[in-house]
Amino acid sequence: MSILSFAFMQRAFLAGIITAILAAVMGVFIVLKRMSLVGDSLAHASLAGVAAGMLLGFYPFYGALLFAAGAALAIEFIRNAFRRYAEVALAVVMSGGMALAVVLISLGKAFNADLFSYLFGSLVAVSPADVRVIAGAGLVIIVSIALLHRELFAITFDEEAAYLTGIPVRAVNIYFTLLTALTVALAVRVVGTLLVAALMVIPPAVSLQLARSFKATFVIAIGVALSAVISGLYAAFVFDLAPGGTIVLIAAAILVAVILAKGAISRWIR
């Protein structure tokens, strides 16, 4: 029997493919902006949102999105206050988000079992409603990136020069961080809050090792993310593994293989 004959696997693959594309595209900008930990910070905040949703009885995704968006705004606010020490914003939001998540989880001991699927991802937890939300929000993210790609390119490499050319740097940064928060919230269902940041960092890291142009960076990052997600979901189904961990391990293995191969080729050429 084919793996795709199961409705829950169809949903998992569809949600995973969309998530892989979004995480890779957003991840390229995040890595180039030297803000690789922003995914971790927003993921911790989204975990608090999931816990709040379960505690108060509303759709946990909405809680994840609301808390991640709030964390995104907090990051930009603190980053502007510490312009020379941007990593301070990430550390503050990450620790604050995790602390809030721990408190909310402790208040709702009864839903700790359900929370596991949000921590590490789940094949059976992706519902038709989740797929519709992921597809709709994913379309918004892709369209936004397509419309703002010139501004994002300029800001990514030189914010001061972008400001002098008339680009509203602060507004674009805030909107981009909100899009990142939305991407993190969407990816929670497939990868889990504890591992979503890795999916946003590892594929771009692989592409930076191989790409020779900005466009190629996106193509390779998306290819790596899709390969990791598709093979990870398949392996998780066959061997009964946590999908989030399986996906990230495969992505990490690809990165290590690329680094070793490049090193071997460099030594052989010399």
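The numbering scheme is per chain: residues are counted from 1 as the chain's sequence reads. Two thresholds apply to this predicted model, a pLDDT of at least 70 for residue-level local features and 80 or more for giving and counting side-chain atom pairs, whereas whole-chain, interface and lining totals are computed over all residues. For the side-chain quantities, the full set of heavy atoms in the structure was used; hydrogens and water were omitted.

**Looking at helix H1 (residues 7-32)**
In this model, H1 (26 residues) spans 38 Å end to end at C-alpha, consistent with the 38 Å of a helix rising 1.5 Å per residue. Throughout, exposure labels follow a simple rule: accessible area from a 1.4 Å probe, protein chains only, divided by the maximum for the residue type, with under 20% read as buried, over 50% as exposed, and the rest as partly exposed. Secondary structure elements are defined from DSSP: runs of H or I of at least 4 residues count as helices, runs of E of at least 2 residues count as strands, and each element is numbered from the N terminus. Within H1, 19 of the 26 residues are buried, which leaves the element mostly enclosed by the surrounding structure. Backbone geometry just after H1 places Arg34 at a positive phi near 55 degrees. Helix span is expected to be 1.5 Å times the residue number reduced by one.

**Section: a nonpolar patch on the surface**
Here the term patch refers to residues with relative accessible area over 30% and no salt bridge, with like charges joined within 9 Å and nonpolar side chains (Val, Leu, Ile, Met, Phe, Trp, Tyr) within 5 Å. Here the Shrake-Rupley method, with its probe set to 1.4 Å, supplies the accessible areas, and only the displayed protein chains count as covering residues. Salt bridge, as applied in this entry: a Lys or Arg side-chain nitrogen positioned within 4 Å of an Asp or Glu carboxyl oxygen. On the surface, a cluster of nonpolar side chains totalling about 590 Å² of accessible area is made up of Leu55, Leu56, Phe58, Tyr62, Val103 and Leu107. Listing elements by their share of the nonpolar patch, those giving two or more residues are helix H2 (38-56) and helix H4 (87-107). Structurally, Leu55 is set in helix H2. Of the residues examined, Leu55 reaches a relative accessible area of 34% and is grouped as partly exposed.

**Things to note about the environment of Asp40**
Along the polypeptide, Asp40 turns up in helix H2. Classification of Asp40 by relative accessible area gives partly exposed; the value is 22%. With 160 residues separating them in the primary sequence, Asp40 and Met200 have C-alpha atoms 9.6 Å apart.

**Some details on the packing of aromatic side chains**
Within 6.5 Å between ring centres, the rings of Phe, Tyr and Trp (the latter by its six-membered ring) count as paired, and their orientation is classed by plane angle as stacked under 30 degrees, edge-to-face over 60, tilted in between. A complete count under the given rule lists 13 aromatic pairs for this structure. Pairing Phe8 with Phe237 gives two aromatic rings, centres 6.2 Å apart and planes at 45 degrees, and the pair type is tilted. Of this pair, Phe8 sits in helix H1 while Phe237 sits in helix H10 (residues 214-239), and the two are 229 residues apart along the sequence. A residue is classified by how much of its surface remains accessible, and Phe8, at 22% relative accessible area, is partly exposed. Phe237 sits in the partly exposed class, given a relative accessible area of 29%. Relative to Phe214, the ring of Phe157 lies with its centre 5.9 Å away and its plane at 65 degrees, an arrangement referred to as edge-to-face. Residue Phe157 is found in helix H6 (residues 128-157), and its partner Phe214 is found in helix H10; the two are separated by 57 residues along the sequence. Within the aromatic cluster, the residues linked to one another by ring pairs are Phe29, Phe153, Phe157, Phe176, Phe214 and Phe218.

**Here we look at the side chain of Thr193**
If you trace the backbone, Thr193 turns up in the loop between helix H8 (169-191) and helix H9 (196-210). Accessibility expressed as a relative area gives 2% for Thr193, which makes it buried. Contacts are assigned to residue pairs that have any heavy atoms within 4.5 Å of one another. Aside from chain neighbours lying at most four places away, what touches Thr193 is Ala43, Ser46, Leu47, Tyr118, Leu119 and Val188.

**Let's talk about H6**
Throughout, the bend at a residue refers to the angle made by two axes, fitted to the seven residues ending there and to the seven starting there. Taking the largest bend as the criterion, H6 deviates by roughly 70 degrees, centred on Leu148. Where H6 is concerned, the buried positions are Asp130, Val131, Ile134, Ala137, Gly138, Ile141, Ser144, Ile145, Leu152, Ile155 and Thr156. Of the surrounding secondary structure, the elements contacted by the buried residues of H6 are H1, helix H7 (159-164) and H8.

**Here's the deal with the pattern of salt bridges**
Applying the stated criterion to the full structure yields one salt bridge. The partner of Glu159 in a salt bridge is Lys33, with the nearest N and O atoms 3.9 Å apart. Of this pair, Glu159 sits in helix H7 while Lys33 is found in the loop between H1 and H2, placing the two residues 126 residues apart along the sequence. According to the relative accessible area criterion, Glu159 is partly exposed, its value standing at 27%. You can call Lys33 buried: its relative accessible area is 16%.

**Things to note about the confidence of the model for the protein chain**
Per-residue confidence for the protein chain averages 87 on the pLDDT scale, and 94% of its residues sit at or above 70. Here pLDDT means the predictor's own confidence in every residue, given as a number from 0 to 100. Across the protein chain, H10 holds the top mean pLDDT of 94, while helix H5 (residues 112-120) sits lowest at 72.

**A closer look at the packing of H2 against H4**
Packed helices, taken two at a time, are described by the angle between their axes plus the distance between the axes. Angles run from 0 to 180 degrees between N-to-C directions of axes, and those axes are lines fitted to C-alpha atoms, restricted for helices to the stretch in contact. The contact between H2 and H4 brings their axes to 8 Å, and the two run at 20 degrees. In terms of axis orientation, H2 runs roughly parallel to H4. Of the two elements, H2 crosses H4, and the hand of that crossing is left-handed. Contacts between H2 and H4 involve Val38, Asp40, Ser41, His44, Ala45, Leu47, Ala48, Ala51, Ala52 and Leu55 on the former and, on the latter, Leu90, Val93, Met94, Gly97, Met98, Leu100, Ala101, Leu104, Ile105 and Leu107. Residue composition of the contact of H2 with H4, by class: 16 nonpolar, three polar and one charged. Should an angle fall under 35 degrees it is called roughly parallel, over 145 degrees roughly antiparallel, and 65 to 115 degrees roughly perpendicular, with every other angle called oblique. Handedness of each helix crossing follows the sense of rotation of the near helix against the far helix: counterclockwise by less than a right angle gives left-handed, clockwise gives right-handed. Under the scheme applied, nonpolar residues are Ala, Val, Leu, Ile, Met, Phe, Trp, Tyr, Cys and Pro; charged residues are Asp, Glu, Lys and Arg; polar residues are all the others, including Gly.

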